[in-house]
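One-letter residues, chain by chain:
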Amino acid sequence: MQTCGGQASSALACELPVTRYEKEIVDVVKKNDVVVIIGETGSGKTTQISQILHHAGSTEFGVIAITQPRRVAAVSVARRVASEMKVCLGEEVGYSIRFEDRTSEKTRIKYLTDGCLLREFLSDAELKQYSVIILDEAHERSLNTDILLGLLKRLCGRKSPDLKIVITSATLEGEKFSTFFFGCPVMKIPGKLFPVEILYSTQEPVNYIESAVQTALEIHTQKGPGDILLFLTGKEEIEKAIMKLEDRIRQLEEGSCMDAIILPLHASLEPELQVRVFTPSPPSCRRIIVATNIAETSLTVDGVVFVIDPGVVKQHQYSPMTGMYSLVVVKISRVQATQRAGRAGRTRPGKCYRLYTEAVFENELPPVTMPEIQRSSLAGAVLHLKSLDLKDINVLEFEYLDPPSRSSLEDALQKLFIIDAIQEDGSITHLGRRMAVLPLEPSLSRMLLAAEEAGCLSEALTIAAMLSCESLFLPSPKKSASHKRDLEFKSLPDGMGLGDHIQLLQIYEKWHEDGYNAEWCKEHGVKIRSMMFAREVRRQLSQIMKWEDKGLSRYRRKDPKMLALRKAICTGFSNHLAHRMQQHNGFRTLGAKTHLVQIHPSACSMEVDDDGLLPEWVVYNELVNVGRPFIRNVCAVKGSWCQPALMKLSKLSVTKLGGAQSSTLPSVEKEQKVEKPAIEPLSATQKDLVAAARERFLARKQARTK
Ligand code: ADP
Ligand code: MG
């Protein structure tokens, strides 16, 4: 039996700004259907508002849902609240994230990702089990939160008097949310933020990691007590910086400064390691926390006095014009810069070291962060809206807080049409409906349904589960002399020369044959955690698909079942087709737009013919731009299988695909003028600025690598 509750310090909770406004919060929620609550990060919005409403009786007739844009935050915060309330996690307080549900009959306060709540709309369009929905961290403007905002607005419009909606935000977007929700009240919770002195660099750093490390060292050796929070863009950078810091701190003279504890903080860190940042530093010891922008708003680290901000963030960017995803390092917005600086003033006056010039801050940083809806592929979101079957929804006209571009919606509609999720007239198909229920990208869902029909669902489930893992392979051991040979990994299955999907299937099957052994993973350079995750995902997907597992069996390449499986993969990814060039191994992608691409070097080796040429037709999961366009996760298919998709591509009509009442498009523009948001979306010039800044950055980067 697990022990509950514990060391919670309710004394500390009492001091939080939000708890001081308990009465006012209860009051304003009682009197209004929708309320916006604004408060500094760390003021207690995420952990306290739910408890306040719970104590005020809001949970007597329904559950309180609090959405989080990030999985990590949902788990960590639920754990925190359970401990503050001295209950077992999963009982009164629980969480639900994709592929992991820790709630029960007893649950009254439920933290869940915005994606999970969106999914719940499918089974209950009125969200009857809830009494309050708290859309938390709304300022992060995740794609799912934006869709939820639109759906919840429809719900209020429909007079659903029992449901209360609370939108919380850390920054200045409060008025914008209020305008969107019919001018609902905005409650501002004054925070106790100490002044933060901003120090700019006098010149742009050549290498921001190095510059950040040096700044951290200077602070550590020259300044008084107080933790340092250093923002970097991702795990690799964080690990690199930590190595540098450890090296150089070790070289410092013994006793010349206080001890340092260096901690990473990023989303892919194991939860046990993540919570370490909540333990205050021991006396005469300084913590240096090296974090992604997860520490900007999602998780509050106390004790920080010095913030180092290189002014960059890693962002997924999807271009509907090219159909290409790129993960690029971009300049943060001024809102983000302010948010980062604020982290230094939570316990006492602090300092923020901006590793860029004031001119850059003023002239080059965009004023606000571009919402995800304007930089993501919308296929999943659009399928979702279509499947809600709300007669009056035309996805091209849906009320978005910041509408995505027309081309982005069109791109999504075309993709859905090609994989049979919607019909020519825009109505959702039976297949589309089933796809929407699966917690997967539409292409993967389509693959599963095709596989089900072809009798190879078990294998397709494995592939879908394996593709759901964030990172599967361990970094290969360095081939230096100090490493013994036996440190090298045993070779992995080769995908029979057919590509990555089949290789993933084989890896899972080998692991299965080996009794799901951790040792096997270690030997083969595969992350055990990811494999366990895949196994769990596979189990859940089987359950949703009502597939009774009869064990795994292995095939040879020519088995009819292997052919059927590849055909199912082809059907799922038929909006991701690529055709090889006649003379060389470049590929041309097919679709509304075409590109010349290469297969990503990380792909498992594919068979080649006598002339050294790769298979003529492939499907791929992702088209990414890392300097050059690459296709990633590739599977060899047959030309004849691609014909249905190619046929469909030739007869597309996007206006029809939009759905109900497309002919009334012009009136949308009129409506939008009435609902003009308080803060404008990025204007064309701002976008140009962002694009220009990015180009300059890339040019500099290229110059460096030369
Ligand atoms: P907000 O949502 O307004 O940013 P939170 O409710 O997340 O604020 O946090 C309020 C306070 O609780 C912060 O001071 C934060 O450091 C603390 N806190 C939050 N989660 C944890 C945790 N898991 N362990 C310890 N302290 C936490
Ligand atoms: Mg919060």
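Residues numbered from 1 in each chain as written. Chains lettered and ligands numbered in written order. Predicted model: local features only at pLDDT ≥ 70, side-chain atom pairs only at ≥ 80, totals over all residues. Heavy atoms only, no water.

In this structure, what is going on with the pattern of salt bridges? I would like to understand it.
Opposite charge on two side chains permits them to pair, given that their charged atoms come into close proximity. Summed over the entire model, instances satisfying the criterion amount to 32 salt bridges. Here Arg-248 makes a salt bridge to Glu-210, at a shortest N to O gap of 3.0 Å. Here Glu-210 lies in helix H9 (residues 208–222) and Arg-248 lies in helix H10 (residues 235–251), a separation of 38 residues in the sequence. Taking relative accessible area as the criterion, Arg-248 reaches 26% and is therefore assigned partly exposed. For Glu-210, a relative accessible area of 18% corresponds to the buried category. A single salt-bridge network, built from bridges that share partners, covers Arg-141, Asp-146, Lys-176 and Asp-402. (Salt bridge = Lys/Arg side-chain N within 4 Å of Asp/Glu carboxyl O. Helix = DSSP H or I, 4+ residues; strand = E, 2+ residues; numbered from the N terminus. Buried < 20%, exposed > 50% of the residue type's maximum accessible area, 1.4 Å probe, protein only.)

Please clarify how the packing of helix H18 (residues 457–467) against helix H21 (residues 528–544) should be interpreted in this entry.
For any two helices packed against each other, the geometry comes down to the angle between their axes and how far apart the axes lie. Running from amino to carboxyl end, H18 crosses H21 at an angle of 130°, the nearest separation of the two axes being 8 Å. Overall, the two elements H18 and H21 adopt an arrangement that is oblique. As for the relative orientation of H18 and H21, their crossing is right-handed in sense. Seen from H18, the contacting residues are Ser-458, Leu-461, Thr-462, Ala-464, Ala-465 and Met-466; seen from H21, they are Met-531, Ala-534, Val-537, Arg-538, Leu-541 and Ser-542. Across the contact of H18 with H21, the residue classes break down as eight nonpolar, three polar and one charged. (Axes fitted to C-alpha atoms, helices over the stretch in contact; angles between N-to-C directions. Parallel < 35°, antiparallel > 145°, perpendicular 65-115°, else oblique. Left-handed = near helix turned anticlockwise from the far one by under 90°. Contact = heavy atoms within 4.5 Å. Nonpolar A, V, L, I, M, F, W, Y, C, P; charged D, E, K, R; others polar.)

What exactly am I supposed to notice about the nonpolar core here?
Side chains that are nonpolar tend, in soluble globular proteins, to be buried together. Core analysis: the biggest nonpolar cluster contains 124 residues, and Ile-167 and Leu-448 have the highest contact counts within it. Not counting the four nearest positions on each side in its chain, Ile-167 is found in contact with Val-34, Val-35, Val-36, Ile-37, Leu-135, Ala-138, Leu-149, Phe-177 and Phe-181. With 31 residues, the next largest nonpolar core counts Val-28, Val-77, Tyr-95 and Ile-189 among its residues. (Core = buried A, V, L, I, M, F, W, Y, C linked by side-chain atoms within 4.5 Å.)

Is there a simple way to think about unusual backbone geometry in this case?
Comment: phi is negative for the bulk of residues other than glycine, and the bulk of peptide bonds are trans. Backbone geometry at Ser-284 places phi at a positive 50°, although glycine is not the residue there. Locating Ser-284 in the fold gives a position in the loop between helix H11 (271–274) and strand S12 (285–291). The exposure class assigned to Ser-284 is exposed, which follows from its relative accessible area of 60%. One non-glycine residue, Met-496, lies in positive phi territory at about 55°. Positionally, Met-496 belongs in the loop between H18 and helix H19 (500–513). Residue classification places Met-496 among the buried positions, given a relative accessible area of 17%.

Please clarify how the coordination of the magnesium ion (ligand 2) should be interpreted in this entry.
In an ideal tetrahedron of four donors about a metal, each angle is 109.5 degrees. In an ideal octahedron of six donors, the angles are 90 or 180 degrees. Around the magnesium ion (ligand 2), the donor atoms from the protein are Thr-46 (OG1) and Glu-137 (OE), and they sit 1.9 to 2.3 Å away. Here Glu-137 lies in the loop between strand S6 (130–135) and helix H7 (143–157) and Thr-46 lies in helix H4 (residues 45–55), a separation of 91 residues in the sequence. As far as the burial class goes, Thr-46 and Glu-137 line up, both buried. (Donors = N, O, S within 2.8 Å, 3.2 Å for Na, K, Ca; no water.)

It is not clear to me how the site of ligand 1 should be interpreted in this structure. Could you clarify?
In the neighbourhood of ligand 1, 14 residues make up the surrounding shell, with Gly-42, Thr-46, Thr-47, Asp-302 and Arg-346 lying closest. Within the contact set of ligand 1, an oxygen atom lies 2.6 Å away from a side-chain nitrogen or oxygen of Thr-46. In the complex, 91% of the free accessible area of ligand 1, which totals 560 Å², lies under the protein chains. The dominant element in the shell around ligand 1, judged by the number of residues it contributes, is H4, at three residues. Three or more residues apiece are contributed to the shell around ligand 1 by two domains, here domain 1 (10–189) and domain 2 (196–373). (Near = heavy atom within 4 Å. Polar contact = N/O pair within 3.5 Å; in protein donor to acceptor, adjacent residues only side chain to side chain. Areas by Shrake-Rupley, 256 points an atom, 1.4 Å probe, with all protein chains shown as cover. Domains from an automatic or database assignment.)

Explanation requested: H18 in the structure shown.
Structural remark: α-helix, 3.6 residues per turn; residues separated by three or four positions point the same way. For H18, the buried fraction is high: eleven of the eleven residues fall into the buried class. Every buried residue of H18 is listed here: Leu-457, Ser-458, Glu-459, Ala-460, Leu-461, Thr-462, Ile-463, Ala-464, Ala-465, Met-466 and Leu-467. Considering only its buried residues, H18 is in contact with helix H17 (442–454), H19, H21, helix H22 (560–572), strand S20 (617–626) and strand S21 (628–637).

I'm lost on the sheet that holds strand S11 (residues 259–265) in this one. Help?
Within a sheet, each strand pairs with its neighbour through backbone hydrogen bonds, oriented either parallel or antiparallel. Reading across from one edge, S9-S16-S13-S10-S12-S11 is the order of the six strands in this open sheet, with parallel pairing throughout. Each of the sheet's edge strands pairs with one partner strand only, and the pair in question is strand S9 (196–200) and S11. The average angle at which neighbouring strand axes cross in this sheet is 20°, direction not considered. Here strand S10 (residues 227–231) pairs with strand S13 (residues 304–309) via four bridges, running parallel. Along S13, the bridge assignment pairs Ile-228 with Phe-306. Sheet strands in contact with H10 are S11 and S12, and its direction is about 170° off that of S11. (Pairing = 2+ DSSP bridges.)

Explain the sheet that holds strand S8 (residues 186–189) here, please?
Here eight strands make up an open sheet; going across it, the order is S4-S3-S5-S2-S6-S7-S1-S8 and the pairing mixed. A single partner strand is all that each edge strand has here, and the edge strands are strand S4 (100–102) and S8. Ignoring which end each strand starts from, the neighbouring axes of this sheet average 20° apart. For strand S2 (residues 63–68) and strand S5 (residues 109–113), the ladder comprises five bridges, and the chain directions are parallel.

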